[in-house]
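# Structural overview
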Amino acid sequence: MKIKVSSAVACSALLTAVTFSLVSPLPAGHAETAPLASRFTMAVFPDTQYESAGSFPAGDHFMTKYGSEPYKVQTAWLAKNKKAFGLKFAVHLGDVVDNSIQEGQWKAADVAMRTLEQAGIPYSVAPGNHDMGPIPVVGGSANKIAEEAGYYANDGAQIIHFPREIEVKTNPSLLDGKMPQNYPLFSNWFSVDRARRNPTFRERFVELNNESEYHIFTAEGHSFLVLALAYQASDRVLQWAQKVIDQHPSLPVILATHEILKPEGNQVRLTGTYGQHLWDDFIRKNDQIFLTLSGHNAGSGTIVTRNDKGHAVIHILQDYQEYYDGGNGLLGLLQFDFTHNTIEMLAASPFVAAKKPSLLTSKDVLYYNNPQDSFVKHLNFAQRFAGFTRFAADPRESNDPDYLGIARESLHRQQPSMKPTVTPFKAEKSAYFEVATYYFPVSIPPVKKQ
C-alpha cells in the first residue's frame, strides 16, 4: 500500500491522439493477481435525497426496516477502509436531501458526512435542485425558483433567454417577503466554514442557490482540481469557475455538478436543458477538464465528447435514486491507474453488504458488473494532459494494489452468500419515499397570486 508520494517525472512533449475504449469489467477477486501499480481512488455519492428522507425520525424508514441507514453505512464503510481503498477524495453530486425545508433530512445528511470529516476524508459538495430553497432570485437560471415547487414558475418567473443568456425575472412579493427563521437551506448545513475543514478546500462562490466550490487534492505525486458547481449554475458561477481554471493552468480538472447527462435508451447524452449549454459555453473550451461527474437524472452510463482541441472528455452519469429502495445504498468508487492508463468505476452497495441475510431480496445488489455502472476507460494520462502539464507515472511509486478488487472482497466478506457478479435490475421506483406535495412548512402562508 502506498505510504509516500513523490513528484512526477517528465513525459514526452508530443501530444498525440487520446484513445478511449470500454472494456469488460474485470472479474471479482482479481486484486490478488493484479500487478502493483500507481493507483488511487475517489468516492462518488450520487443523489442521496431518499437516503436522507428515509433516515430522519418523521420517516424512519430504514431503521424500522433494516436497523441501519444507508447514508451512514456508506460513509462509515469509506472511513473504515480509507487506507485499504487508497481513498484520496470524495465528491457529492447534489440532492443531498429530498425536501430542503425538512430539517430532519439535513440532520441525517449532516451526521453521515461528519463521518468523512472525522476520518480525514476530504470531499466536495454543491447543491442539487432538491437542496435549494424556494426563494426569489434575480439573474439565476430557471431552477433558482426551485423547480420542485413548480408553481413558482407561474407566479412571476419568466425565462428571458436560455441557454445563451440565462436570466430570470421573479416577482419580489413571493412568500409576501416573509421567510421563516433558521431556514434550513444548503448553506446553513454545508457552510463555507464547514467546507474549510477540508484541507483540500480553496474557495467558494457564495450566493444563495448558486453555492459552488473548488478543491485541490494530491494523489500519487500529482495534483487535481475539483470544480463542484451548483445545479444549473448561473453564468456568474461559470465566470468564477473560468477564473479558477485560469489561475491553475497546469492542473487537470474534474468537474462535478448535479446535471450534465440524461439516459436515452441504453445510452446517455448531454441534457438539452443545461448539459449542452455547459458543454458549449464552458467545458469544451477548457482543455484541462478531462472528466465530468453528474447525477440528477436517474440512470447510469458514460459518453466521450471531443473538446475544441480535439481531445476527449469522459462524462459519467451516476444516479440510483429511482432504483430499489431509493438507490439501496449504492455509491461509486473511481480508481485511477497511472501505470496502466485506466479509469475504472465500481458501483457498490456497502448498505446491502451490511444487511442481515434474512432481509435480503432478489433486488439487492452487492455491486454492479455491467458496462453502464462498473466499467474501465483507457486513458493515456501523459498524452491527454500534455497540452498543459508534464505528467507521467513514477515507476518508483507503482506499489499500490488493485483497490477496487479489495473493495469487492470487503463486500463479499460481509455477504459471502451473494453471487460474485450481479446484473442490475431495471430502474424502478420504490413504493416508499415521502415526496411532499409542496416544499413549504405549514406555517408559511400560501403564495398570493399577482
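My aim in this report is to walk through the structure given alongside it, one point at a time.

Here is what the cut-offs are and how they apply
Residues numbered from 1 in each chain as written. Predicted model: local features only at pLDDT ≥ 70, side-chain atom pairs only at ≥ 80, totals over all residues. Heavy atoms only, no water. Pairing = 2+ DSSP bridges. Helix = DSSP H or I, 4+ residues; strand = E, 2+ residues; numbered from the N terminus. Axes fitted to C-alpha atoms, helices over the stretch in contact; angles between N-to-C directions. Phe/Tyr/Trp six-rings, centres within 6.5 Å; stacked < 30°, edge-to-face > 60°. Lys NZ or Arg CZ within 6 Å of the ring centre and 35° of its normal. Core = buried A, V, L, I, M, F, W, Y, C linked by side-chain atoms within 4.5 Å. Buried < 20%, exposed > 50% of the residue type's maximum accessible area, 1.4 Å probe, protein only. Contact = heavy atoms within 4.5 Å. Polar contact = N/O pair within 3.5 Å; in protein donor to acceptor, adjacent residues only side chain to side chain. Salt bridge = Lys/Arg side-chain N within 4 Å of Asp/Glu carboxyl O.

## Topic: the sheet that holds strand E15 (residues 312–319)
Sheet architecture is open: seven strands sit in the order E7-E8-E9-E10-E13-E15-E14, paired in mixed fashion. Whereas interior strands pair on both sides, the edge strands pair on one side only; in this sheet they are strand E7 (201–205) and strand E14 (299–306). Mean inter-strand twist for the sheet, computed between neighbouring axes without regard to direction, equals 15°. Relative to E15, E14 runs antiparallel, the two being bridged by eight bridges.

## Observations regarding the packing of aromatic side chains
Scanning the entire structure with this criterion turns up 29 aromatic pairs. Judged by centre distance (6.2 Å) and plane angle (45°), the rings of Phe 224 and Phe 336 are tilted. Of the two residues, Phe 224 sits in strand E9 (residues 222–229) while Phe 336 sits in strand E16 (residues 331–337), which places them 112 residues apart along the sequence. The rings of Phe 40, Phe 89, Phe 217, Phe 224, Phe 290, Phe 336, Phe 338, Phe 381, Phe 385, Phe 388 and Phe 391 are connected pair by pair, giving a single aromatic cluster. Between Arg 408 and the ring centre of Tyr 367, over which it is positioned, the NZ or CZ distance is 5.8 Å.

## Quick word on the nonpolar core
In terms of nonpolar packing, the biggest core is built from 33 residues, with Trp 77, Leu 78, Val 96, Leu 116, Phe 190 and Leu 333 touching the most fellow members. In terms of residue count, helix H4 (residues 103–119) provides more of this core than any other element does, five residues in total. The residues contacting Leu 116, other than those within four sequence positions of it, are Phe 45, Thr 75, Leu 78, Ala 90, Ile 121 and Tyr 123. Core analysis: the next-biggest nonpolar cluster, separate from the first, contains 29 residues, Leu 251, Tyr 274, Leu 278 and Ile 303 among them.

## Quick look at the pairing of E14
For E14, a buried count of six out of eight residues is recorded, marking the element as mostly surrounded by other parts of the structure. Counted along the chain from E14 to the antiparallel partner E15, the turn is five residues long, and its residue Gly 310 has a positive phi close to 80°.

## Looking at unusual backbone geometry
With a phi close to 60°, Asp 95 is a non-glycine residue in the positive phi region. Here Asp 95 lies in the loop between strand E3 (87–92) and H4. Positive phi values are uncommon outside glycine, yet Asn 341 reaches one of about 55°. Accessibility expressed as a relative area gives 22% for Asn 341, which makes it partly exposed.

## A few points about the environment of Asn 380
Structurally, the position occupied by Asn 380 is in the loop between strand E18 (375–378) and helix H10 (381–385). With a relative accessible area of 24%, Asn 380 lands in the partly exposed category. Measuring from C-alpha to C-alpha, the distance between Asn 380 and His 340 comes to 8.4 Å, with 40 residues separating the pair along the chain. Within the local environment of Asn 380, its side chain forms a polar contact with the backbone nitrogen of Ala 382, the two atoms lying 3.3 Å apart.

## Remarks on the environment of Leu 379
Summarising the element assignment, Leu 379 is placed in the loop between E18 and H10. Separated by 39 residues in sequence, Leu 379 and His 340 place their C-alpha atoms 8.7 Å apart.

## Structural notes on the pattern of salt bridges
Using the criterion set out here, one finds 17 salt bridges in the structure. Notably, a salt bridge pairs Arg 236 with Glu 207, separated by 2.6 Å at the nearest N-O pair. Placement of Arg 236 in helix H7 (residues 235–247) and of Glu 207 in the loop between E7 and strand E8 (212–219) is noted, with a sequence separation of 29 residues between them. The partly exposed category is assigned to Arg 236, whose relative accessible area is 30%. Taking relative accessible area as the criterion, Glu 207 reaches 22% and is therefore assigned partly exposed. A salt bridge links Arg 284 to Asp 280, with the shortest nitrogen-to-oxygen separation between them at 3.6 Å. Several salt bridges share partner residues, and in doing so they unite Asp 110, Arg 114, Glu 117, Arg 194 and Arg 197 into one network.

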